[in-house]
Amino acid sequence: MGTTGQGQAGQDAAEVNGQSVRGRSVVGGILAGLRLTVTSGVTGAAVAAVVVGVILERVPVFLSGGGVLILLILVGFVAGRRSPGPGDPPVTRTALARIEDLRATSGESADVPVDFRLTVAPDDRPAYRVNINEHINLVDIPVYRPRGIAVVEYRPDEPWEVRIVTRPTPEWSRRAEEAEIDSAPGSTLVEKPGMSEGSWCMLVLFTFLAGAALVVLLFRGELFTSGDDEASSSKRPSATSSASSSRTFTTSTTVSGPSSSLLILGRMRQTAAELEARVGTADVTAIVIEERRMEIRGDSARPPGETVHLQMLPYELFPALVHEARTTLGVRDPKSWRIDVTPGAGPGAGPRVRVTVTGKEGTARLDADATARILDRRPVGETAEGR
C-alpha cells in the first residue's frame, strides 16, 4: 500500500497544525535561549566579582558576587525540586515507516547506535522524512535493511520525535509485512527546531565570558595597576629563576601483568598522567609508545609552540591507528608496533603522530595529525622513500 491519509482536507489540516506546533516550538526555543543567556552571563559576572574582590581585597565586591552565586544555586535547587504541574503526558501514535538508509556507528556494547533515514507514513497526515538515531541490539540489526518497513512511534505535536518499535504487536507486525511505502521527497524532512547542542554550549561559554569580562573591565584600572607594580618589583628575580630552571629530561615506564597492553582503552592516558606527575610538566618534545612501554622526552627551554602537551592528545583513537597500520600496509604478521608523537614542523602546526609496524615483510608506517586523521601512508617497500 502507499502512504495513507484522510484526503486533501485532512492533509491540509495536518499541515496547518504542524506549522503552528513548529511555531510554538521556535518561540519556546527563543525564550529558553534568552533565559540561558541571562543566567550564564550573570553567573560569569558573579564569579569574576568574587575573584576581583579577593585580588583587590574589596569586601563589598566579594560579597556581591558570592551573594549572586548563592542566589543562583538556591533558585536552581528549588526549580529542580519543584514538582511539575499537572498535565497530560505526551501523546504518541504508531505508524509504519520505510527505511531509506541506515548506518551503524561504532559501539562497544551489545546495543549499537544506528543512524536511520526514514519515511514515516502516519494514518492521519502526509508522509514525511526524518533522521533519527536509535540503539539497536546486535542481534536485531539484520532485521532492519534499506527499503524495509519498520514500526515506529511518533509524536503528532513534535513529528521529529520518532522511535523504532523493536517489539511491535502482532497486528502491526502483519501490517509491516504487507505494506509498501513510497519514499517521501527530501523537501518533507522535519527536524527539531532550535540550535544544536554545540551551539548551546558556545552560547553559554560566550555569555559567561562576556559577563566576566564586563566585571573585569569595570575594575581594570585597579587590577592592572596592581599587576604592573608587582611585575616591576619581581622582574629581576624572575629572570634569574627562569635561567636556572632550564633542563632536559627523559623518563619511561613499562606496564606489566595480565592485560597490560597499552592498547587497552584508557591505559595510554593513565600512563601519560603518571609520567607527567613524575617530571612535573605536561609539555614534552617527544613521546614514544610501544606495546608495553611509554617514554617521554622534554626540554624546559623550548617554547610552547615547539612542544606537545601530554593531556591534549587523542589517546583513545591511537589503538584504531595501530589497527589500521597493522592491517592495511602490507605487513601480514606484524611483530611489533610503535607510535612516535613529535611537535609540528612549522608554526601553528599541530603534533605529528607516526605509527610504525614491523614484520617479516619489512617496515611500514602511516602519519596522522593531532585528531588522529590519517595524512600519509607508506606501505612495505615505500617507507625508505618517504623518509
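Predicted model, so just to flag it, every value in this text is computed and none were measured. (Residues numbered from 1 in each chain as written. Predicted model: local features only at pLDDT ≥ 70, side-chain atom pairs only at ≥ 80, totals over all residues. Heavy atoms only, no water.)

Visitor: I keep staring at the environment of I374 and nothing clicks. Help me out?
Guide: Within the secondary structure layout, I374 lies in strand β14 (residues 374–378). Along the backbone, I374 and R354 are 20 residues apart, and their C-alpha atoms lie at a distance of 9.5 Å. Those residues in contact with I374 that lie beyond four places of it in its chain are L321, E324, L366, D367 and A368. (Helix = DSSP H or I, 4+ residues; strand = E, 2+ residues; numbered from the N terminus. Contact = heavy atoms within 4.5 Å.)

Visitor: What is the right way to look at the pairing of strand β6 (residues 248–254) in this model?
Guide: Residues in a regular strand point their side chains to alternate faces of the sheet. Only one face of β6 is buried: it carries F249, T251 and T253, and the other face, with T248, T250, S252 and T254, is open. With seven bridges connecting them, β6 and strand β9 (residues 293–299) associate as antiparallel partners. Bridge pairing in β9 links F249 to G298. (Buried < 20%, exposed > 50% of the residue type's maximum accessible area, 1.4 Å probe, protein only. Pairing = 2+ DSSP bridges.)

Visitor: Sorry if this is basic, but what is going on with the sheet that holds strand β8 (residues 286–289) here?
Guide: The strands making up a sheet associate through hydrogen bonds between their backbones, and the pairing can be parallel or antiparallel. Pairing within the open sheet is antiparallel, and its seven strands lie in the order β6-β9-β8-β11-β12-β13-β14. With partners counted over all chains shown, the strands left at the sheet margins are β6 and β14, one partner each. Taking each pair of neighbouring strands and ignoring which way they run, the sheet shows an average axis angle of 15°. Here helix α7 (residues 267–279) sits on the sheet and contacts β6, β8, β9 and β11 (336–342); the angle it forms with β6, its principal contact strand, is near 140°. Seen against the sheet, helix α8 (residues 318–328) touches β8, β11, β12 (352–359), β13 (362–368) and β14 and runs at an angle of roughly 40° to β12. (Axes fitted to C-alpha atoms, helices over the stretch in contact; angles between N-to-C directions.)

Visitor: Whenever I open this one, α7 confuses me. Can you help?
Guide: Each α-helix winds once per 3.6 residues, and so residues spaced three or four apart point in a common direction. The end-to-end C-alpha distance of α7, which contains 13 residues, comes to 19 Å, matching closely the 18 Å that a straight helix rising 1.5 Å per residue would cover. Where α7 is concerned, the buried positions are M268, T271, A272, L275 and V279. Looking down the long axis of α7, one finds its buried residues gathered within 100° of arc, a one-sided arrangement. The elements touched by buried residues of α7 are β6, β8, β9, α8 and β11. G280, located one to two residues past α7, shows a positive phi value of around 80°. (Expected span 1.5 Å × (residues − 1). Arc of directions from axis to C-beta.)

Visitor: Help me understand the pattern of salt bridges, please; the structure alone is not making it clear to me.
Guide: Pairing of side chains with opposite charge becomes possible as their charged atoms draw close. A full pass over the atoms with the stated rule returns 22 salt bridges. Taking the shortest distance from any N to any O, the salt bridge between D340 and R338 comes out at 3.0 Å. Relative accessible area serves as the criterion here: at 19%, D340 is assigned to the buried category. According to the relative accessible area criterion, R338 is partly exposed, its value standing at 33%. (Salt bridge = Lys/Arg side-chain N within 4 Å of Asp/Glu carboxyl O.)

Visitor: Just checking my understanding: could you explain the packing of aromatic side chains for this structure?
Guide: When we look at a pair of aromatic rings, we describe it by the centre distance and by the angle of the planes. Considering all chains together, one arrives at two aromatic pairs under this definition. Taking the centre distance of 5.9 Å and the plane angle of 80° together, the rings of F116 and Y144 count as edge-to-face. A residue pair is termed long-range when its members are at least 10 positions apart, and F116 in strand β2 (residues 111–121) and Y144 in the loop between β3 (128–137) and β4 (149–155) qualify at 28 residues. For the pair F116 and Y144, a shared accessibility class is recorded, and that class is buried. With centroids separated by 5.7 Å and ring planes inclined at 70°, the aromatic side chains of Y315 and F318 adopt a geometry described as edge-to-face. Both residues of the pair, Y315 and F318, count as buried. (Phe/Tyr/Trp six-rings, centres within 6.5 Å; stacked < 30°, edge-to-face > 60°.)

Visitor: Sorry, what's going on with the layout of surface pockets here?
Guide: Empty pockets left among the atoms are what a rolling probe the size of a water molecule brings to light. Within this model, the largest pocket holds a volume of roughly 330 Å³. Taken together, 16 residues form the lining of the largest pocket, with V143, Y144, I149, A150 and A176 sitting closest to its centre. Residue assignment for the lining of the largest pocket shows that the elements contributing at least two residues are β4 and α3 (170–178). Residue classes in the lining of the largest pocket are distributed as eight nonpolar, three polar and five charged. (1 Å grid on protein atoms, 1.4 Å probe; cavity = no way out; pocket = protein on both sides within 12 Å on 5 of 7 lines; lining within 4 Å. Points joined across faces, edges and corners; volume = space filled by probe spheres on them. Nonpolar A, V, L, I, M, F, W, Y, C, P; charged D, E, K, R; others polar.)

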